[in-house]
Each structure stands twice: as structure tokens, then as C-alpha cells.
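Single-letter residue listing:
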Amino acid sequence: MQYCFQTYNSSCTKEVRSPAVYVVMYISAVAVVMLTVCGNLIVIVSISHFKQLHTPTNFLVLSLAVADFLVGLTVMPFCLILLIETCWYFGEKFCILYKTIGCIVASVSVYNIACIAIDRYLAVCDPLLYSIKITANLTRIAILHVWLLSVLYSLALLYFNGNISSAEKHNTCLGECLFFINDMWSMADIIIFMLPCFVMLLLYGKVFIVARSHAKVISSFKEQLPFSHERKGRISMKSERKAAKTLGMVVFIFLMCLMPYYICGFVYADMNLSFSSIVNNFLTWLVYFNSSLNPIIYALFYPWFQKTVKLIVTLRIFNTASSLITLFQ
């Protein structure tokens, strides 16, 4: 049996693996981190640089990409090391910082995606209201509130559960970095995080129902419309439906990554048990792994993302007036 710190009697036990397994796991970890950082950095540069992408929806995507970029840069590397080594080697103070940043970016991601669901709902189900009321400035204000409230909530959650002032008391042995939350805060946290998730599902259910009904209406009336109007209507609705489907996939994958952590936390809290640190570390990593998947979704389903990658890689974004390049009609 090996320990995280061999010279301390109170050290946690360490999971022992063969050198070949360690090599494969660390190579995979580096690949995931690089994908997360580089993929989200491309999204950030694309939306920030190209004027045509300065829309309310894309500003929400930008905010989500910033949160995902911070996950890949500051949280995911240490989460993967903890998952591979099964020991925390970075000290108590850095453990507090790790938990704080992780909690903040998780909160930001949840409420950014909830805002994206509301944005798509209004765009498809009430396009007249959307075009008049939902402006870039309003979206920026909403994003600012999301980040501010996420920071305040995360700090309160950590502080009132002793994760900042007495973090070492919650670790059963040397080499742990546990996130402690009491029963009352646990229920509040589940409600605060799960409620937006159910709202997302309800809104996207409504979006796809309305999108299908719109498609049927356009199909039934297209023969009565002049060709130019018919073509514009088809392109507009097709664009909105495609955006809704793509962002709906972002929401679905996000929920699939997030749900296991909260379901296990709820079940084991209800049974008054604690699940193993390995399972806890894996489920935490699964939440963060969602940050790696979003750029892949954009690359597969957004033609503008594919074009901006080429422009960034070939350094054409440094050309004069490159921000005015037309990415789509």
C-alpha cells in the first residue's frame, strides 16, 4: 500500500497504477486540456473580433466560452491530476482557490446556458418581441449579472460551509481536497442548479414544437408567396431552427455532464452516506469535461466557426478591416 505523503502517518492512501497506464492517462489529460483551452480561445477571438458575430445570442456563447476557457486553464489540469494520482499535492490554500474557481465557473455555465435557452425561445416563439426588445446592450447587462451573482453565490456557499476558513477540518487525511456542504445548503444548491435545468428542458421542448409548426405553415403557404419572399422566409426560419438545434445540443450535453454529479450527491446525502473520492473526482471531472465538448459542437454545426478557425490559423485576422469579413449571408 502506498500513501500520498510517505513521511506522514495521517497521509491518504494512493491508487497505484502501472507506468504505461500513467503515460496514457497523462497524454490523454494534456490532450483534453489543450482542446479545452485552444477550442474556447478560438470561440472567444472569433466572436470578439468579427463584427458580424456581434449578436445577442453570440454574446451569450462568448460568455460561456470564457467560463469554459477558465475551466481549461485553471481548474481542469488540477482536477485531472487529482483523478490520476488520487492525491492532492498542491496545498491547502491552492485547494481553496481550486474549489472557489470551480464553483464560480460551474455556476456561470449553468446560468449562461439557461440564458441561451431563453434567448432561443424568444427568437423562435416570439420573433417580433425578440427583434425589438433583445438588444446587444441588454444581453451584456444580463451577462454581467450572471457573473456577479455566480461569484457572490459561490463565495457564500464556500464560506458558510467552512470550505474557506476551516477547509483542513473537512479532509479526513493529508492529500485530500474535499468540497464540504451541509444538508441545508446541499438542498438549496440542488434547487438553484436543477431549477434552471428543468427550465431549459421545458423551453427547448416548446422551441422545437413551435419550430415544427412554423415549418408546416411555411410549407403550406410557400406556393402562394412570390419566389423572393418564399426564399427569404425559408432561409430565416431555417437559420433560426438550426441555431436552436445546435444550442439545444449544447444544453443536452451540458445536462448529461452535470446531472450525474448532482444525482449522486442527492442520493448519497439522502442515504447519509459518502461516495468514494475516486467517484467524486470522476463526476467532478465530467462536469468540467463539458467545457471541452462545446467547441467541438460549434466546429461541427457552425459554418462560421469553421471559417473563423481558418482565418485565425492563417493569421488573416491581422489584415486591415479583417473584422468586417463576411462569414455568412
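Within every chain, residues take consecutive numbers counted from 1 along the sequence as written. Since the coordinates come from a predicted model, pLDDT governs what is reported: local features require at least 70, and pairs of side-chain atoms require 80 or more to be given and counted, while whole-chain, interface and lining totals use all residues. Remark: hydrogens and water are excluded; side-chain values derive from all non-hydrogen atoms of the structure.

Caption draft 1: A look at the packing of helix α1 (residues 19-49) against helix α2 (residues 56-85). Simply put, an axis is a line fit to the C-alpha atoms, just over the touching stretch for a helix, and the angle between two N-to-C directions goes from 0 to 180 degrees. To qualify as a helix, a DSSP run of H or I must reach at least 4 residues; to qualify as a strand, a run of E must reach at least 2; elements of each kind are numbered from the N terminus. Taken N-terminus to C-terminus, the directions of α1 and α2 make an angle of 165 degrees; their axes are 8 Å apart at the nearest point. With respect to α2, the axis of α1 lies roughly antiparallel. α1 and α2 meet at a crossing whose hand is left-handed. Ten residue types, Ala, Val, Leu, Ile, Met, Phe, Trp, Tyr, Cys and Pro, are classed as nonpolar, four, Asp, Glu, Lys and Arg, as charged, and the remainder, Gly among them, as polar. Looking at side-chain class alone, the contact of α1 with α2 contains 22 nonpolar, five polar and two charged residues. For classification, angles of less than 35 degrees are called roughly parallel, those exceeding 145 degrees roughly antiparallel, those between 65 and 115 degrees roughly perpendicular, and all remaining angles oblique. Each crossing gets its handedness from the near helix: less than a right angle anticlockwise from the far helix is left-handed, clockwise is right-handed.

Caption draft 2: Region of the structure containing the packing of aromatic side chains. Stacked, tilted and edge-to-face pairs are distinguished by plane angle, under 30 degrees for stacked and over 60 for edge-to-face with tilted covering the rest, among Phe, Tyr and Trp rings (Trp via its six-membered ring) whose centres lie within 6.5 Å. Following the criterion strictly, the structure yields ten aromatic pairs and no others. Between the aromatic rings of W88 and F94, the centroid separation amounts to 6.3 Å while the plane-to-plane angle is 25 degrees, which identifies the pairing as stacked. Using a relative accessible area of 4% as the deciding quantity, one classes W88 as buried. Given a relative accessible area of 30%, F94 falls into the partly exposed group. Ring pairs connect the aromatic residues F78, W88, F90, F94 and Y98, which therefore count as one cluster. Classification of residues uses two cut-offs on accessible area relative to the type maximum, computed with a 1.4 Å probe and protein chains only: under 20% is buried, over 50% is exposed, and between them is partly exposed.

Caption draft 3: Structural view of the state of the cysteines. By convention in this document, the label disulfide applies to cysteine sulfur atom pairs within 2.5 Å. Overall, the coordinates contain two disulfides when judged by the stated rule. Each disulfide pairs two cysteine sulfurs, and for C4 the partner residue is C87, the sulfurs being separated by 1.8 Å. Disulfide C4 to C87: torsion about the S-S bond roughly -75 degrees, handedness left-handed. Within this pair, whereas C4 is found in the loop between β1 (2-3) and β2 (13-14), its partner C87 is found in the loop between α2 and α3 (91-125), the two being separated by 83 residues in sequence.

Caption draft 4: Spatial organisation of a nonpolar patch on the surface. Patches here are clusters of residues that have more than 30% relative accessible area and form no salt bridge, with a 9 Å joining cutoff for like charges and a 5 Å cutoff for nonpolar side chains (Val, Leu, Ile, Met, Phe, Trp, Tyr). Methods summary: accessible areas were calculated by the Shrake-Rupley approach with a probe of 1.4 Å, and residue burial reflects only the protein chains presented. Salt bridge, as used here: a side-chain nitrogen of Lys or Arg that lies within 4 Å of a carboxyl oxygen of Asp or Glu. There is a patch of nonpolar side chains on the surface, built from L35, M249, I296, L300 and F301 and spanning about 410 Å² of accessible area. If one sorts the elements of the nonpolar patch by residue count, helix α8 (residues 277-301) sits on top with three residues. Following the sequence through the fold, I296 ends up in helix α8. Owing to a relative accessible area of 35%, I296 belongs among the partly exposed residues under this scheme.

Caption draft 5: Broad picture of the packing of α2 against helix α5 (residues 136-160). Two elements in contact, α2 and α5, have axes whose closest approach is 8 Å; the angle formed by their N-to-C orientations is 25 degrees. Here α5 runs roughly parallel to α2, going by the angle between their axes. For the crossing formed where α2 meets α5, the hand is right-handed. Along the contact surface, α2 presents P56, F59, L60, S63, V66, A67 and L70, while α5 presents A136, T139, R140, I143 and W147. Tallied by class, the residues present in the contact of α2 with α5 amount to nine nonpolar, two polar and one charged. Contacts were defined at the residue level, with two residues in contact if any of their heavy atoms lie within 4.5 Å.

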